[in-house]
Amino acid sequence: MTDAAATHRRPHLHSGPPPRLIATDLDGTLLHDDHTVSLRTVAALAAAEQAGIEVFFVTGRPARWMHVVSDHVHGHGLAICANGAAVVDLHRGGHIVAVRDLPVPAALSVVGALRAAAPGVSFAVERTGGIHYEPDYPPFFEDPGALIAPVGKLLAADTPLAEQPVLKLLAHHRTFDPDVFLDDARTAAGTFASFTRSSPSALLEISGPGVSKAGTLAHCCAERGIAPEEVVAFGDMPNDLEMLNWAGTAYAMSNAHPAVLASTPHRTLSNNEDGVAAVIERILTER
């Protein structure tokens with residue numbers, strides 16, 4: 001590789017006040033495609049914490065799928081899961097310490113609206129205790145204890161699940177283009193809930209009104225006296241957009257969705273090339 005090419009591939013430098021917090025998505029961002037954390041990234045995260053920069057994992061994943069990074073949260077031990085619907089303590093085995101739920105009446109309104117707008121849609125309900133889904137919904141083999149039933153039953157007031165708040169409603173369609181499905185769903189039911197997506201398939205993630213990665217991250221930062229200008233964020237998919245727009249400095253992975261690339265001024269290497277670690281290393285060098 002020539003010097004010019006190497007320079008082009010280096011991530012843009014951080015600009016602004018010294019960062020106090022790094023907020024990073026996981027899948028497609030911090031993790032390699034095989035869902036592992038590289039040794040380089042592990043070292044970079046530890047070095048950031050040792051330098052006094054907090055690290056928050058901010059992901060669409062539920063708490064029970066955080067084992068891949070649970071050993072790499074230092075200090076505070078907290079992570080933001082389910083697109084901002086839950087704050088979990090990874091030092092306590094993924095214990096949920098805060099919830100921003102999707103009210104059941106809103107979820108039922110979304111179901112009705114999407115059934116009319118997208119015939120063939122199937123649903124899953126992510127509660128604090130696990131995921132449950134309809135018979136036609138693609139199964140999650142990581143969740144063998146899931147209840148399989150029509151979504152109306154999964155959301156019913158008399159179900160044993162009713163004591164568990166709803167974190168997300170998920171809607172899957174076998175034939176829709178993912179971005180078209182997202183746009184259509186927002187048009188049909190956007191008054192009831194917040195819609196986003198992070199999967200390459202037509203799978204929508206539906207949260208309570210106003211719930212997002214950005215909102216929960218902002219709350220966690222406010223508790224620590226950290227301003228948006230002191231946050232560096234990383235992401236790759238539409239569910240990262242609000243967070244990237246909120247943070248003082250935002251990086252899109254080179255493998256990011258076109259909407260993320262279009263809205264984010266800074267770039268870094270792909271997830272498989274340890275793009276997050278590359279930026280952290282440069283930040284620490286500058287310090």
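Residues numbered from 1 in each chain as written. Predicted model: local features only at pLDDT ≥ 70, side-chain atom pairs only at ≥ 80, totals over all residues. Heavy atoms only, no water.

Caption draft 1: Structural detail: helix α7 (residues 213-223). Within the span of α7, buried status applies to Lys213, Ala214, Thr216, Leu217, Cys220 and Cys221. All buried residues of α7 fall inside an arc of 170° around its axis, so they share one side. Pointing more than 90 degrees away from the buried face of α7 are the exposed residues Ala222 and Glu223. For α7, the elements touching its buried residues are β1 (21-24), β2 (54-58), β3 (78-81), β4 (86-89), β11 (231-235) and α8 (241-246). Measuring from the backbone nitrogen of Ala214 back to the side-chain oxygen at the start of α7 gives 3.3 Å, which picks out Ser212 as the cap. (Buried < 20%, exposed > 50% of the residue type's maximum accessible area, 1.4 Å probe, protein only. Helix = DSSP H or I, 4+ residues; strand = E, 2+ residues; numbered from the N terminus. Arc of directions from axis to C-beta. Contact = heavy atoms within 4.5 Å. Polar contact = N/O pair within 3.5 Å; in protein donor to acceptor, adjacent residues only side chain to side chain.)

Caption draft 2: Expanded view of the state of the cysteines. Here the structure, examined in full by the defined rule, presents zero disulfides. No disulfide involves Cys81; its sulfur sits 11 Å from the nearest other cysteine sulfur, which is in Cys220. A residue is classified by how much of its surface remains accessible, and Cys81, at 1% relative accessible area, is buried. (Disulfide = S-S within 2.5 Å.)

Caption draft 3: Highlighting the packing of aromatic side chains. For the structure shown, the criterion picks out three aromatic pairs. Between Tyr133 and Tyr137 the ring centres are 5.9 Å apart and the planes differ by 35°, which places this aromatic pair in the tilted class. For the residue pair Tyr133 and Tyr137, the accessibility class agrees, reading buried in each case. Relative to Phe181, the ring of Phe176 lies with its centre 5.3 Å away and its plane at 75°, an arrangement referred to as edge-to-face. With relative accessibility at 25%, the residue Phe176 sits in the partly exposed group. Phe181 sits in the buried class, given a relative accessible area of 1%. (Phe/Tyr/Trp six-rings, centres within 6.5 Å; stacked < 30°, edge-to-face > 60°.)

Caption draft 4: Quick look at the sheet that holds β4. Ordered by their spatial adjacency, eight strands build an open sheet running β5-β4-β3-β2-β1-β11-β12-β13, and the pairing between neighbours is mixed. The sheet is open, and its two edges are formed by β5 (95-99) and β13 (266-268), each paired on a single side. Adjacent strand axes in the sheet meet at a mean angle of 25°, parallel and antiparallel pairs treated alike. With four bridges joining them, β11 and strand β12 (residues 249-253) adopt parallel strand pairing. (Pairing = 2+ DSSP bridges. Axes fitted to C-alpha atoms, helices over the stretch in contact; angles between N-to-C directions.)

Caption draft 5: Examining the environment of Phe192 more closely. Take Phe192: it is sitting in the loop between α6 (178-189) and β9 (194-196). Accessibility expressed as a relative area gives 30% for Phe192, which makes it partly exposed. Excluding anything up to four places from it in sequence, Phe192 contacts Ala106, Ser109, Val110, Ala113 and Pro209.

Caption draft 6: The arrangement of the nonpolar core in detail. The biggest cluster of nonpolar side chains holds 32 residues, and the ones touching the most others in it are Phe57, Met66 and Val69. For this core, the secondary structure elements donating two or more residues are α2 (26-30), α3 (39-50), β2, β3, β4, β11, β12 and α10 (275-286). With five residues, the single largest contributor to this core is α10. Among all residues touching Phe57, those that are not within four sequence positions of it are Thr24, Leu26, Leu30, Leu45, Met66, Val69, His72, Val73, Ala79, Ile80 and Leu90. (Core = buried A, V, L, I, M, F, W, Y, C linked by side-chain atoms within 4.5 Å.)

Caption draft 7: Molecular detail of the side chain of Thr196. As for its position among the elements, Thr196 is in strand β9. Engagement of the side chain of Thr196 in a polar contact is seen with the backbone nitrogen of Asn239, the distance being 3.2 Å. Apart from the residues lying within four places of it in its own chain, the contact partners of Thr196 are Asn83, Leu182, Arg186, Leu203, Leu204, Glu205, Pro238 and Asn239.

Caption draft 8: Structural detail: the side chain of Thr159. Inspection of the secondary structure puts Thr159 in the loop between α5 (151-154) and β8 (166-172). If we ignore the near neighbours within four places in the chain, the residues touching Thr159 are Arg127, Lys153 and Leu154.

Caption draft 9: The packing of helix α4 (residues 104-117) against α6, seen in detail. In the contact formed by α4 and α6, the axes pass within 9 Å of each other and the chain directions differ by 125°. Comparing their axes, α6 and α4 come out oblique. Here α4 and α6 pass one another in a crossing that is right-handed. When α4 is examined against α6, the residues Val110, Ala113, Leu114 and Ala117 are found in contact with a partner set consisting of Ala185, Ala188 and Ala189. Looking at the contact of α4 with α6 residue by residue, the class counts come to seven nonpolar, no polar and no charged. (Parallel < 35°, antiparallel > 145°, perpendicular 65-115°, else oblique. Left-handed = near helix turned anticlockwise from the far one by under 90°. Nonpolar A, V, L, I, M, F, W, Y, C, P; charged D, E, K, R; others polar.)

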